[in-house]
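# Inside the fold
Here are the chains, one letter per residue:
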Amino acid sequence: MTDAVKDRDGLRYAVALIEIQGGLVGLWAFLHDLIQTGASVPLTLLPGVLFIGLVLAASVVAGVALWQDRRLGYTLSAPVQIAQLIWFVSAGLTVRISASGWLLADVFLRAPAEGGLVVGWQFDAAHKSGYALSLAPREDFTLALNLIALAILVWLGFRLRALLPFHRGR
């Protein structure tokens, strides 16, 4: 086995583990929260709740398929990662999905209530939460880019391009 194949498989296994573990941690928290507060979820949030549950479950399925090196793993991982790419906190809505479970790395733009703009980054190696969805009013506005999802999407782009049928003969 060549070094390039070993490296590619190593990255595939790493991404698969991130998706499986992140999806399972997220689903566990999601189901726990749903059992605790399910009856009090506003109807306006119901589509978001269903979407978050779908993304977290799809993350596990994509991770298992990636581990087995199945095409489904690559094609399902792309929308799973796209759903996690951007997150935001605004005056009336907070949306965040993170199926990387134990790892959080973001670049963000924050507009505090006091005025001005803050550009920053955050890295958390012990991140526990898999999602956030809220209608609670916030004074700050934050728009962030999930760097883990971005890195996985770039890797997926290269892998999917190599899997296309018209590239096989080269």
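Quick notes on the rules
- Residues numbered from 1 in each chain as written.
- Predicted model: local features only at pLDDT ≥ 70, side-chain atom pairs only at ≥ 80, totals over all residues.
- Heavy atoms only, no water.
- Pairing = 2+ DSSP bridges.
- Helix = DSSP H or I, 4+ residues; strand = E, 2+ residues; numbered from the N terminus.
- Axes fitted to C-alpha atoms, helices over the stretch in contact; angles between N-to-C directions.
- Core = buried A, V, L, I, M, F, W, Y, C linked by side-chain atoms within 4.5 Å.
- Buried < 20%, exposed > 50% of the residue type's maximum accessible area, 1.4 Å probe, protein only.
- Contact = heavy atoms within 4.5 Å.
- Patch = residues over 30% accessible without salt bridge, like charges linked within 9 Å, V, L, I, M, F, W, Y side chains within 5 Å.
- Areas by Shrake-Rupley, 256 points an atom, 1.4 Å probe, with all protein chains shown as cover.
- Salt bridge = Lys/Arg side-chain N within 4 Å of Asp/Glu carboxyl O.
- Expected span 1.5 Å × (residues − 1).
- Bend = angle between axes of the 7 residues up to and from the residue.
- Phe/Tyr/Trp six-rings, centres within 6.5 Å; stacked < 30°, edge-to-face > 60°.
- Lys NZ or Arg CZ within 6 Å of the ring centre and 35° of its normal.

Right, let's get into the sheet that holds strand S4 (residues 118-124). Across a sheet, paired strands are connected by hydrogen bonds in the backbone, their directions being either parallel or antiparallel. Ordered by their spatial adjacency, six strands build an open sheet running S4-S3-S6-S1-S2-S5, and the pairing between neighbours is antiparallel. Sheet topology places S4 and strand S5 (131-134) at the edges, where each strand pairs with a single neighbour. Going across the sheet, the axis of each strand differs from the next one's by a mean of 25 degrees, ignoring polarity. By the bridge criterion, four bridges tie strand S2 (residues 94-97) to S5 in an arrangement that is antiparallel. Each bridged residue has a counterpart across the sheet, and for valine 95 the counterpart in S5 is leucine 133.

With that out of the way, let us pick up the pairing of S2. The side chains of a regular strand alternate between both faces of the sheet. In this sheet, S2 lies alongside strand S1 (residues 86-89) in antiparallel orientation, the contact comprising two bridges. Bridging across to S2, valine 89 finds its partner in threonine 94. Counted along the chain from S1 to the antiparallel partner S2, the turn is four residues long.

A word on the nonpolar core. Core analysis: the biggest nonpolar cluster contains 16 residues, and Val15, Leu66, Tyr74, Ile148, Ile152, Trp155 and Leu156 have the highest contact counts within it. Elements supplying a minimum of two residues to this core: helix H1 (3-37), helix H3 (71-85) and helix H4 (147-163). Here the element with the most residues in this core is H4; it accounts for seven residues. In this structure, leucine 66 is in contact with Arg12, Val15, Ala16, Glu19, Gly73, Tyr74, Ser77 and Trp155, ignoring residues within four places of it in sequence. Grouped together as the second largest cluster of nonpolar side chains are eleven residues, Val49, Ala58, Ala99 and Tyr131 included.

Glancing now at a nonpolar patch on the surface. Together, Val107, Trp121, Phe123, Leu147, Leu150, Val154 and Phe158 make up an exposed nonpolar region whose accessible area comes to about 730 Å². Sorting the residues of the nonpolar patch by element identifies S4 and H4 as the ones contributing at least two each. The element best represented in the nonpolar patch is H4, accounting for four residues. If you trace the backbone, valine 107 turns up in strand S3 (residues 104-111). Classification of valine 107 by relative accessible area gives partly exposed; the value is 34%.

Its 15 residues give H3 an end-to-end C-alpha distance of 22 Å, which sits within 8% of 21 Å, the value for a rise of 1.5 Å per residue. Along H3, the sharpest change in direction is near 25 degrees and occurs at serine 77; proline proline 79 comes one to four residues later. Turning to H3, its buried residues are Gly73, Tyr74, Ser77, Ala78, Val80, Gln81, Ala83, Gln84 and Leu85.

Applying the stated criterion to the full structure yields three aromatic pairs. Judged by centre distance (5.7 Å) and plane angle (75 degrees), the ring pair of phenylalanine 30 and tyrosine 131 falls under edge-to-face. Here the residue phenylalanine 30 occupies a position in helix H1, and tyrosine 131 occupies one in strand S5, the gap between them amounting to 101 residues. The ring of tyrosine 13 has arginine 12 sitting right over it, with the charged end atom 4.5 Å from the ring centre.

Considering all chains together, one arrives at three salt bridges under this definition. Where aspartate 106 meets arginine 96, a salt bridge forms, and the shortest distance between an N and an O atom there is 3.1 Å. Residue aspartate 106 is found in strand S3, and its partner arginine 96 is found in strand S2; the two are separated by ten residues along the sequence. Just as aspartate 106 is buried, arginine 96 falls in that class too. If you follow the salt bridges from partner to partner, you end up with Asp9, Arg12 and Asp69 in one network.

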